Amino acid sequence: MKQGKQESKKKEHKNKKTVKKTAEKAGKPIPDMPSQWLYLASEDGALRTIYERFRDEKKQRAEFWQETDILEIAFLEGGSMDLELLEGAPDPEDTLLRDRMNAHGAKAVYTVEILPEPCAEALEAMQYIIAHVGGVFCGDTEDLTPEVGVSVPKTEEPEAGASVQKATE
């Protein structure tokens, strides 16, 4: 029985070392940045547009699975950012998300997961998406903070080169 526990501890330690090495490769971590986000897109089918923008980028590699509506942006330094359409969003009872979508003129919501941990490359990718495709990222938290993006009223199109603002808690 004791040998089984030792084997389990060895595996756990090995897994922790692997995660640590992957995190070290992934660039400088950002401690207060959540790893779960929501992307409020200003257009339906935003993942295809994002994929087309990232397809020729040198700093990242993008893969898009249209049949499942999932986009993975892999960073050269390690790590990735996965975006997936959130079906049926917003929930009718989620007034905060619905209000945030209305305020930003969002038409679709995507879940975003940064692996293995939030890093500068993920923040740069978010800013690139906002500047070239529009929309806003908000933490998948109870109060939808922090927020990274440009607030654009529904009636206006985002300007090319629009500045990126990061709201603090």
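What you are looking at is a predicted structure, and each value in this text was computed from that prediction instead of being measured. (Residues numbered from 1 in each chain as written. Predicted model: local features only at pLDDT ≥ 70, side-chain atom pairs only at ≥ 80, totals over all residues. Heavy atoms only, no water.)

Caption draft 1: Structural detail: the pairing of strand 2 (residues 60–65). Burial along strand 2 is one-sided: Gln60, Ala62 and Phe64 are buried, and none of Arg61, Glu63 and Trp65, which face the opposite way, are. Where strand 2 meets strand 3 (residues 70–75), six bridges bridge the pair, whose relative direction is antiparallel. Within strand 3, the residue paired with Gln60 across the bridge is Phe75. The antiparallel pairing of strand 2 with strand 3 creates a hairpin that spans four residues between the two strands, and Asp69 there sits at a positive phi of about 55°. (Buried < 20%, exposed > 50% of the residue type's maximum accessible area, 1.4 Å probe, protein only. Helix = DSSP H or I, 4+ residues; strand = E, 2+ residues; numbered from the N terminus. Pairing = 2+ DSSP bridges.)

Caption draft 2: Inspection of the nonpolar core at higher detail. Among the nonpolar cores identified, the biggest contains 31 residues, and Tyr39, Ile50 and Met81 are the most heavily contacted of them. If you list the elements that add at least two residues to this core, you get strand 1 (36–41), helix 2 (46–54), strand 2, strand 3, strand 4 (80–85), strand 5 (108–115) and helix 4 (120–133). When residues no more than four places from it in sequence are discounted, the contact partners of Ile50 are Tyr39, Leu71, Ile73, Leu83, Ile129 and Val133. (Core = buried A, V, L, I, M, F, W, Y, C linked by side-chain atoms within 4.5 Å. Contact = heavy atoms within 4.5 Å.)

Caption draft 3: Focus on the packing of aromatic side chains. Enumeration according to the criterion identifies four aromatic pairs in this entry. A connected cluster of aromatic rings, assembled from ring pairs, spans Tyr39, Tyr110 and Phe137. (Phe/Tyr/Trp six-rings, centres within 6.5 Å; stacked < 30°, edge-to-face > 60°.)

Caption draft 4: Quick look at the pairing of strand 5. Of the pairings in the sheet, the one linking strand 1 to strand 5 comprises six bridges and is antiparallel in character. When the bridges of strand 5 are listed, Trp37 appears paired with Val112. Relative to strand 5, strand 4 runs antiparallel, the two being bridged by six bridges. Paired with Asp82 across the two strands is Glu113, which belongs to strand 5.

Caption draft 5: Seen up close, the packing of helix 2 against helix 4. One can describe the packing of helix 2 onto helix 4 by two numbers: an axis separation of 10 Å at closest approach and a directional angle of 110°. With respect to each other, helix 2 and helix 4 are oriented roughly perpendicular. For the pair helix 2 and helix 4, contact is made by Thr49, Ile50, Arg53 and Phe54 and by Ala125, Tyr128, Ile129, His132 and Val133, respectively. Here the contact of helix 2 with helix 4 is composed, by residue class, of six nonpolar, two polar and one charged. (Axes fitted to C-alpha atoms, helices over the stretch in contact; angles between N-to-C directions. Parallel < 35°, antiparallel > 145°, perpendicular 65-115°, else oblique. Nonpolar A, V, L, I, M, F, W, Y, C, P; charged D, E, K, R; others polar.)

Caption draft 6: Quick look at the environment of Glu142. Mapping Glu142 onto the fold places it in the loop between strand 6 (136–139) and strand 7 (147–149). Given the relative accessible area of 81%, Glu142 is considered exposed. Distance from Glu142 to Leu97, taken between C-alpha atoms, is 9.8 Å for residues 45 residues apart in sequence.

Caption draft 7: Spatial organisation of the pattern of salt bridges. What the rule picks out here adds up to three salt bridges. Taking the shortest distance from any N to any O, the salt bridge between Glu124 and Lys59 comes out at 4.0 Å. Note that Glu124 is positioned in helix 4 and Lys59 in the loop between helix 2 and strand 2, a separation of 65 residues in sequence. Judged by relative accessible area, Lys59 falls into the exposed class, the value being 54%. Note that Arg61 and Glu63 form a salt bridge whose closest N and O atoms lie 2.6 Å from each other. A residue is classified by how much of its surface remains accessible, and Glu63, at 32% relative accessible area, is partly exposed. (Salt bridge = Lys/Arg side-chain N within 4 Å of Asp/Glu carboxyl O.)

Everything listed is a geometric property; what it means functionally is a separate question.
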